Amino acid sequence: MKRYTYFLVLFSLWLCAACQREPADTQWPEITQESKPWTRWWWMGSAVNEAGLSYNLHELAKAGMGGVEITPIYGVKGEEANAIPYLSPHWMRMLYFAKAEAKRLGMGIDMNMGTGWPFGGPHVALEDAATRAIFQEYEYKSGKPFSEKITVEDEKQKEIARLNKLIAYAPGKACIDLTAEVAEDGTLTWDAPQGNWRLIALFTGKTLQQVKRAAPGGEGYVLNPFDAEAVRRYFAVFNEAFHKIPGSWPKHFFNDSFEVYGADWTPDFLEQFERRRGYKLQDYFPEFLEKGKSERSARILSDYRETLGELLKENFTQAWTEWAHERGVRTRNQAHGSPANLIDLYAAVDIPECETFGITDFDIPGLRKDSIRKENDGDPATLKFASSAAHISGKPLTSAETFTWLTEHFRTSLSQCKPEIDQMFVAGVNRVYFHGATYSPREAAWPGWKFYAAVDLSPTNTIWHDAAPFFSYIARAQSFLQDGAPDNDFLLYLPIYDFWHDQTGSHYLSFAIHGLRDLLPAFYQTVAEVKNEGYALDYISDRFLQTTTVENGLLHTEGGATYKALILPAVKRLPVETLARIRQLAEQGATILFAGRYPSDVPGLSQLNERQGQMKELLRAFPPANQFTKTTVSAMDKGKIITGKRYKEMLPLTEVKPEVFQTQFGGELIRRRHADGYHYFFTLLQNRPVDGWVPLAVEARSAVFFDPMTGETGKASLRKKEGQTEVYLQLKPGQSVILKTFTDKQVSVSNWNYRKETGTALALPDDWTMHFTASDPEIKETFALPALGSWTDLDREDLKRNKGTARYSTRFHFTPNAGCDYLLDLGDVRESARVYLNGTFVATLFAVPFEALITDYLKEGENLIEVEVTNLPANRIADYDRQGIEWRKFHEINFVSITYKDTPFDHWGVIPSGLLGPVSIKELKSYIP
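Residues numbered from 1 in each chain as written. Predicted model: local features only at pLDDT ≥ 70, side-chain atom pairs only at ≥ 80, totals over all residues. Heavy atoms only, no water.

What follows concerns the pairing of strand E28 (residues 677–683). Every other side chain in a regular strand lies on the same face of the sheet, so the side chains alternate between the two faces. Of all seven residues making up E28, seven are buried, and the element is well covered by its neighbours. With seven bridges joining them, strand E27 (residues 668–674) and E28 adopt antiparallel strand pairing. The residue of E28 that forms the bridge with Leu669 is Phe682. Adjacent in sequence and paired antiparallel, E27 and E28 are bridged by two residues. (Buried < 20%, exposed > 50% of the residue type's maximum accessible area, 1.4 Å probe, protein only. Helix = DSSP H or I, 4+ residues; strand = E, 2+ residues; numbered from the N terminus. Pairing = 2+ DSSP bridges.)

What follows is the structure, given as structure tokens:
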């Protein structure tokens, strides 16, 4: 009996402990190497050593970085003797050491497969270098024999370019291939038939582009990415280098944005074109050179552009990924800038990577707006090309080159970075890759070694002092954003053939991040209209539509993502195969929206009449075209067709619930599925505070909030109203929160702390003192402040030119009210702050709003508050330039400004620094909505 009682007590204790533990599905996901932010890590001149590698990696790991991508670039003046040639045995040993050291620190190593960008180097022979087409024309009127030298006129190409084709054209006559008639010295002697002849010569030339920002041992020609054999020979160099140092393979190989300037050809292009498009391009050189000014010319240009994109995808991107996989390495690729269909090119690698380039003008009260800034080219609609490709192809991660530029060097704060990150998250990015950090020896004089195009996230920047909590915020958010599966509402067809057909002026067309919105205005307008109605999109290409299936009315892409409907945005030209597949999907139960019109034409030139007839026959199965005068729903076998002109009227007919957080509350969100429900990332990037019931587009029996800024969690208040689940949400401008919903499960977890201001607030006294815990130049004095404000406004010249951390302190009397919480509001902070109350650390505040709960740190009576504020290094670097201190000591482009000019910073005005306030303590009352 005693033994039975003993075991009963043990079981009761175990059961009590188990009940007190929160279940795993209501806890934060594990923070992994992948969920932490990574950074591009420039090796300047590859002048690295083991001590420096250890120091740099340790500092990055200590702050919370998950890994680095090694990209060697040009070197540092005076360090030439320490430069290590790229891929040399010494360089490979440094890579091996860095990989081992990173592993010891829990980090990963990626690597650019070249130095600078794009791929290329000394091992790229001229025959494998980026290639261009050179066309020259000759006129001939019959009557005497034609005799002329057919040689390239461009002096730079005379010894390089090779005649590929010489074709003669005359009105009403078949063209004549004269290539074989040209002698070795280029002479053509031709007794032409009667008529006025136009001879067009195609020379295969070279762009002569050198690797941009190359490191020692990486200088040389840029690779021809359209040539399969050239690409294979490029890989062979890496096979040899890595074979010599086993175990040095990185986690990922990386390829930067496509910047192979002027490369529009490859030696076997004509053969590839004929095989893929079904006719000879050389038969139509006159129309091709019209650059889209006639209908036939536009069709030929479309075929050319499609062919070039296919060659890039197959001969480079897919071949690269297959080569890497054979060696146990994955690939990261930036497809933008290329001439290919961006969706297909992004989807061809393991991690599609987009990029931000500039800063967004958010309407967030208190967010500092810098006078020197670059408008963001990487807006959410642009970023979604990469995340869409990841979603529809089943790739779990979408990476982003983050913070290439925001403001001018030394002027960017963490508070400006945070909303940019949030905007990337709602666009589907879930793997932040900073741009970035530079290897810099510990002993290097400040500001250390620096790359010219980056928000410097390295230990020599003052914002590094408080960067770790920012990195923790990213890691917490990404732990959810990498979990589960995407759950966007609709697929939006990318009308690539309309783009390829309609763009005139040049045969070559690229999809660069800069100006992409201007290149595709109608498409971007569609994205905006659908988003404004509260729905989420992914883009889809013709290739992925072919593998999409229907089950229970839902569209399933080959990667496993599901969608409620497919939208075709006023598409004019569509391949017959794509329209046939769309018809099949509708017949099998899918919902298809046609906006504005049905497709009415096919792209390209080959078998045009036959394909146009096939399209007309396919369109007979669809509802009449006259239905576009009003919004109409029509049945089509198991599915339905929605036609109309206004998305505002068409989208509700899908019976998909919108997210009103976007439409009524001005917020941004992304939703993902997990095994038991959904999780949301909510962020508020404009001045519309939310404090109320927000309807959700999904059903939920229970839900849990997760605050990625603080780590706080709690059960959310839900209710049903008119059959729809609503959550009570409180968000201030600049804030974000994660909501995890459970469709059928009632989870047991502590309630989320909802709080409202009571109207009682304590303004802290003006008698603060300030002293510097760190300053350059050194400042030892303690300052008695008559009022809070920028320390640069004090009557001290060195305060206008220093960088550092100042500790502000004051005492105040306080009598708390029972049952109330208290919120510290620091007001205006330049630029980040660590808060201590009564000698105990409270929080690091780096973003708007600069607020922290301090209830547990207050005591009745006298309290001591201390706030350590770190400023930007802008005033210090401007003073360096005014003094003529030579810190720009780098080769090649050296260190240019945001305008890409060699502009010193000595003209900058003084940047406010410190705790500007006002500082107050606000009383809050907890409640359950």
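Enumeration over the complete set of coordinates arrives at 78 aromatic pairs. Among the aromatic residues, those joined into a cluster by ring pairs are Trp41, Trp43, Tyr86, Trp91, Phe119, Tyr234, Phe238, Phe316, Trp320, Tyr439 and Trp449. Geometry around Trp908 places Arg411 over its ring, the cationic atom sitting 4.7 Å from the centre. (Phe/Tyr/Trp six-rings, centres within 6.5 Å; stacked < 30°, edge-to-face > 60°. Lys NZ or Arg CZ within 6 Å of the ring centre and 35° of its normal.)

Bringing the pairing of strand E2 (residues 67–73) into the picture now. Buried residues dominate E2, accounting for seven of its seven residues. Residues of E2 alternate between two faces, with Gly67, Glu69, Thr71 and Ile73 on one and Val68, Ile70 and Pro72 on the opposite face, all of them buried. In this sheet, E2 lies alongside strand E1 (residues 38–44) in parallel orientation, the contact comprising seven bridges. If you follow Trp42 over to E2, its bridge partner there is Thr71.

There is a patch of like negative charges on the surface, built from Asp268, Glu271, Glu274 and Asp283. Turning to its location among the elements, Glu271 is positioned in helix H5 (residues 269–277). (Patch = residues over 30% accessible without salt bridge, like charges linked within 9 Å, V, L, I, M, F, W, Y side chains within 5 Å. Areas by Shrake-Rupley, 256 points an atom, 1.4 Å probe, with all protein chains shown as cover. Salt bridge = Lys/Arg side-chain N within 4 Å of Asp/Glu carboxyl O. Lys, Arg positive; Asp, Glu negative; His and termini not counted. Charge placed at Lys NZ, Arg CZ, Asp CG, Glu CD.)

Let's shift gears to the sheet that holds strand E5 (residues 131–141). As a general point, the strands of a sheet are linked pairwise by backbone hydrogen bonds and lie either parallel or antiparallel. An order of E5-E10-E7-E8 is seen for the four strands of this open sheet, with the pairing classed as antiparallel. Edge positions in the open sheet fall to E5 and strand E8 (176–177), since each of these has one partner strand only. Sheet analysis places E5 next to strand E10 (residues 196–206), joined by 11 bridges and oriented antiparallel. When the sheet's bridge partners are listed, Gln136 is paired in E10 with Ala201.

Examined against the element boundaries, Tyr822 turns out to sit in strand E39 (residues 820–825). The class of Tyr822 is buried, set by a relative accessible area of 4%. For the pair formed by Tyr822 and Asp542, sequence separation is 280 residues and the distance between their alpha carbons is 56 Å. Contact partners of Tyr822, with chain neighbours within four places excluded, come to Phe814, Pro816, Asn817, Ala852, Leu853, Ile854, Thr855, Leu858, Ile921, Lys922 and Glu923. Among the polar contacts listed, one links the side chain of Tyr822 to the backbone nitrogen of Asn817, at a separation of 2.7 Å. (Contact = heavy atoms within 4.5 Å. Polar contact = N/O pair within 3.5 Å; in protein donor to acceptor, adjacent residues only side chain to side chain.)

A few words now on the pattern of salt bridges. Oppositely charged side chains may form a pair once their charged atoms are brought near each other. Applying the stated criterion across every chain, the model contains 70 salt bridges. Across the salt bridge formed by Asp489 and Lys564, the nearest N and O atoms sit 3.6 Å from each other. Highlighted residues: Asp489 in the loop between strand E17 (485–486) and strand E18 (490–493) and Lys564 in the loop between strand E22 (562–563) and strand E23 (565–569), separated in sequence by 75 residues. For Asp489, a relative accessible area of 2% gives the class buried. Here Arg671 ties to Asp489 by a salt bridge, and the two come within 2.9 Å at their closest N and O atoms. One end of the pair, Arg671, is in strand E27; the other, Asp489, is in the loop between E17 and E18, with 182 residues separating them in the sequence. One exposure class covers both Arg671 and Asp489, and it is buried. Three or more residues joined by partner-sharing salt bridges are found here, namely Arg40, Glu69, Asp110, Asp256, Arg332, Glu353 and Glu401.

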